[in-house]
Amino acid sequence: AEVALNIAKHDFTLILPAVAESVRRGARTELSVACTVDQRATEVTCDAHLIETVLRNLLYNALRYAATQVRVRFDISADRYRLVVEDDGPGIPEEDRKRVFDSFVQLSEPGREKSGFGLGLAIVKRIVEWHGGEVAANASPLGGAAFVIEWPVPFSAERRTTDSARPAHASRAR
């Protein structure tokens with residue numbers, strides 16, 4: 001089914017810290033949530049409501065498993081947006097890192113009750129795919145899990161101008 005995204009430019013220097021703080025307030029108070037946002041992130045192209053859902057789902061998971069800290073980082077490269085949410089919890093075994101994004105998957109952990117339905121990360125994956133992006137679960141330098149979300153920066157007018165300024169003899173492979 002076709003999904004209609006509400007794509008616009010949004011100021012992530014304001015949105016991401018506000019969402020991170022909102023989720024942190026509802027969590028255990030001893031946890032630290034650090035949020036670092038690239039200062040160029042004032043016009044991030046996305047469906048902000050859906051990307052906020054991605055961030056909230058990742059933060060809920062990170063706060064559930066973290067021992068003491070969670071880090072949120074947003075960076076921009078020439079052609080990609082990159083959102084990383086990581087924690088210092090037990091992490092995700094390498095053999096489970098792809099399947100955690102499947103619907104109804106909940107990894108069992110000794111001494112911890114399962115909660116929810118195992119849909120949060122499946123929703124994250126779907127939203128990121130709707131944005132033309134990719135999601136991955138990795139090991140974090142903090143010791144726990146690192147969820148990496150990337151989606152493309154749209155082809156900008158500046159880059160179109162640069163490309164159209166090429167000499168006529170510079171042809172592109174088709």
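Residues numbered from 1 in each chain as written. Predicted model: local features only at pLDDT ≥ 70, side-chain atom pairs only at ≥ 80, totals over all residues. Heavy atoms only, no water.

### Overview of the overall build of the chain
Here is the rule: Elements are defined by DSSP. Helices are runs of H or I of four residues or more, strands are runs of E of two residues or more, and each kind is numbered from the N terminus. Accessibility here uses a 1.4 Å probe with only protein chains present; expressed as a share of the type maximum, an area under 20% marks a residue as buried, one over 50% as exposed, and anything in between as partly exposed. In this description, contact between two residues means that some pair of their heavy atoms is separated by no more than 4.5 Å. Under the convention used here, a 1.4 Å probe and the Shrake-Rupley method define accessible areas, while residue burial counts only the protein chains that appear.
Helix and strand counts for the chain come out as 4 helices and 7 strands. Going from the N terminus to the C terminus, the chain shows its helices and strands as β-α-β-β-α-β-β-α-β-β-α. Buried residues in the chain amount to 36% of all 174 residues. At a minimum sequence separation of 6, the contacts of the chain that also span at least 24 residues come to 66%. Accessible surface, the chain: about 10,400 Å² in total, of which carbon and sulfur atoms supply 51%.

### Some points on the side chain of Glu-86
Let me state the cut-off plainly: In protein, a polar contact means a hydrogen-donor-capable atom and an acceptor-capable atom, both N or O and within 3.5 Å, with residues adjacent in sequence counting only if both atoms are side-chain atoms; elsewhere, any N or O pair within 3.5 Å suffices.
If you trace the backbone, Glu-86 turns up in strand 5 (residues 80-87). Since its relative accessible area comes to 3%, Glu-86 is described here as buried. Here Ser-140 takes part through its side chain, which lies 2.7 Å from a polar atom of the side chain of Glu-86. When sequence neighbours within four positions are dropped, the list of residues in contact with Glu-86 reads Gln-69, Val-70, Arg-71, Arg-73, Ser-140, Pro-141, Leu-142, Ala-145 and Ala-146.

### Overview of the packing of aromatic side chains
Worth spelling out the cut-off: Here the aromatic set is Phe, Tyr and Trp, taking the six-membered ring for Trp, and pairing holds for ring centres within 6.5 Å; pairs whose planes are under 30 degrees apart are stacked, those over 60 apart are edge-to-face, and all others are tilted.
Within this structure, the stated rule accounts for 6 aromatic pairs. Where Phe-74 meets Tyr-81, the ring centres are 6.0 Å apart and the plane angle is 25°; that geometry is what we call stacked. Residue Phe-74 is classed as buried on the basis of its relative accessible area, which comes to 0%. Ring geometry for Phe-74 versus Trp-151: centroids 6.0 Å apart, planes at 45°, classification tilted.

### Here we look at the confidence of the model for the chain
Stated formally: A residue's pLDDT is the confidence the predictor assigns to it, expressed on a 0 to 100 scale.
In this model, the chain carries an average pLDDT of 84, and 78% of its residues clear a pLDDT of 70 or more. Model confidence for the chain, summarised as mean pLDDT per element, is weakest for helix 4 (residues 157-164) at 41 and strongest for strand 5 at 98. The low-confidence segment residues 157-174 (pLDDT under 50) makes 7 contacts with residues lying over four places distant or belonging to another chain.

### Some details on the nonpolar core
Note the threshold: We define a nonpolar core as any set of buried Ala, Val, Leu, Ile, Met, Phe, Trp, Tyr and Cys residues linked to one another through side-chain atoms lying within 4.5 Å.
If you look at the biggest cluster of nonpolar residues, it comprises 40 residues, and the most contacted ones within it are Phe-12, Leu-59, Phe-74, Phe-147, Ile-149 and Trp-151. In terms of residues, this core owes the most to one element, helix 2 (residues 48-65), which gives 8 residues. Aside from chain neighbours lying at most four places away, what touches Ile-149 is Val-54, Leu-58, Tyr-81, Arg-82, Leu-83, Val-124, Val-128, Glu-134 and Val-135.

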